[in-house]
Amino acid sequence: MSALNPYRPGLFVSLEGIDGAGKSTQLQTVVGVLQAAHRQVLLTREPGGTEIGEKIRELLLHQSMRAATEALLMFAARQEHVLCVIEPALLGGTDVVCDRFTAATLAYQGGGKGIPVERLQALARWVHPGLCPDCIFLIDVPPEVAAQRLAQTRRRDRFEQESVDFFARVRANYLQQAAGAPEKWCVIDGTQAPSEVQKDITNHLNKVLQEFDAK
Ligand SMILES: Nc1ncnc2c1ncn2[C@@H]1O[C@H](COP(=O)(O)OP(=O)(O)O)[C@@H](O)[C@H]1O
Ligand SMILES: [Mg+2]
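Note that this is a predicted model, so its numbers are computed, not measured.

(A) How the structure looks around the packing of helix α2 (residues 51-62) against helix α3 (residues 67-91). Two elements in contact, α2 and α3, have axes whose closest approach is 8 Å; the angle formed by their N-to-C orientations is 160°. Regarding the angle of α2 to α3, the classification is roughly antiparallel. When you trace α2 past α3, the crossing you get is left-handed. From α2, Ile 52, Gly 53, Ile 56 and Leu 60 reach across to α3, where they touch Glu 70, Leu 73, Met 74, Ala 76, Ala 77 and Glu 80. Residues belonging to the contact of α2 with α3 are distributed by class as follows: seven nonpolar, one polar and two charged.

(B) The sheet that holds strand β2 (residues 41-45), seen in detail. Strands sit in the order β2-β3-β1-β4-β5 across an open sheet of five strands; the sheet is parallel. Strands with a single pairing partner mark the edges of an open sheet, and in this sheet they are β2 and β5 (185-189). Pairs of neighbouring strands in the sheet enclose a mean axial angle of 20°, with direction left out of account. Of the strand pairs in this sheet, strand β1 (residues 12-16) and strand β4 (residues 135-140) are connected by four bridges, and their pairing is parallel. Paired with Leu 15 across the strands is Phe 137, a residue of β4.

(C) View of the pairing of β1. Among the five residues of β1, five are classified as buried, and the element is accordingly described as predominantly covered. In β1, alternate side chains face the same way, and those of Phe 12, Ser 14 and Glu 16 on one face and Val 13 and Leu 15 on the other are all buried. Direction of pairing for β1 relative to strand β3 (residues 95-99): parallel, over a ladder of four bridges. Counted as the bridge partner of Val 13 is Val 97 from β3.

(D) Focus on the site of ligand 1. Among the 15 residues in the neighbourhood of ligand 1, the closest are listed as Gly 20, Lys 23, Ser 24, Thr 25 and Gln 192. Separating an oxygen atom of ligand 1 from a side-chain N or O atom of Ser 24 is a distance of 2.9 Å. Burial of ligand 1 by the protein amounts to 76% of the accessible area it has alone, namely 560 Å². Among the elements that line the shell around ligand 1, the one with the most residues is helix α1 (residues 23-36), at three residues. A breakdown of the residues in the shell around ligand 1 according to their chemical character gives four nonpolar, seven polar and four charged.

(E) How the structure looks around unusual backbone geometry. Cis geometry marks the peptide bond from Glu 46 to Pro 47, where omega comes out at -15°. With respect to the helices and strands, Pro 47 occurs in the loop between β2 and α2. Positive phi is not limited to glycine here, since His 38 has a value of about 60°. On the secondary structure map, His 38 appears in the loop between α1 and β2. Here the phi dihedral of Arg 100 falls at roughly 80°; this positive angle occurs in a residue that is not glycine.

Rules used throughout
- Residues numbered from 1 in each chain as written.
- Chains lettered and ligands numbered in written order.
- Predicted model: local features only at pLDDT ≥ 70, side-chain atom pairs only at ≥ 80, totals over all residues.
- Heavy atoms only, no water.
- Axes fitted to C-alpha atoms, helices over the stretch in contact; angles between N-to-C directions.
- Helix = DSSP H or I, 4+ residues; strand = E, 2+ residues; numbered from the N terminus.
- Parallel < 35°, antiparallel > 145°, perpendicular 65-115°, else oblique.
- Left-handed = near helix turned anticlockwise from the far one by under 90°.
- Contact = heavy atoms within 4.5 Å.
- Nonpolar A, V, L, I, M, F, W, Y, C, P; charged D, E, K, R; others polar.
- Pairing = 2+ DSSP bridges.
- Buried < 20%, exposed > 50% of the residue type's maximum accessible area, 1.4 Å probe, protein only.
- Near = heavy atom within 4 Å.
- Polar contact = N/O pair within 3.5 Å; in protein donor to acceptor, adjacent residues only side chain to side chain.
- Areas by Shrake-Rupley, 256 points an atom, 1.4 Å probe, with all protein chains shown as cover.

Below, the structure is given as structure tokens:
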């Protein structure tokens, strides 16, 4: 059994970063690397990934609410997602690639909105004891860069409308999490051209795969 992940043989990869960092753009990069290694891959996202989870996502993205309610709904959606989708896939040998996981709740509701981290960690221990991604990519960009990208694109949801200050706190929290567990996190410079971001992700993930297969 892997020291990284009790759910071996599936590899669990998540992508993190502030809104506009380029996560959705790079999800296919991660999937492509895994598929090129002849692995089964499940692509999913948080909040969401299940029928209930997608309904909770709609509420979270479009309905205003208190920060504590937001945190609890995130974990409610995550409970369904872990039990119905993520764990069965990993146990069955399928790799899971997830657009955000618990690190995002720590960064947004903790770092961004001031919910005490111990409360969020207690919920994480309840909802997914022993489960943590094997590899977490943090696509890191300054909030000003992300804001500029989002301004040029789609209509923005509730989170995407937050201030530059808010995203600066979220980013700082992400970087702190990454510094605290460098064996799991890979910080990518998201201000590079998409092809360079893709190269960095590909190189790191191939190394992770080598280590994972060697265990
Ligand atoms: N490396 C990049 N350089 C410039 N623009 C990018 C880059 N990556 C993504 N974008 C653009 O920025 C916007 C937000 O990207 P997206 O992948 O949706 O971010 P996220 O999922 O992290 O919110 C999109 O319009 C996307 O085309
Ligand atoms: Mg996205």
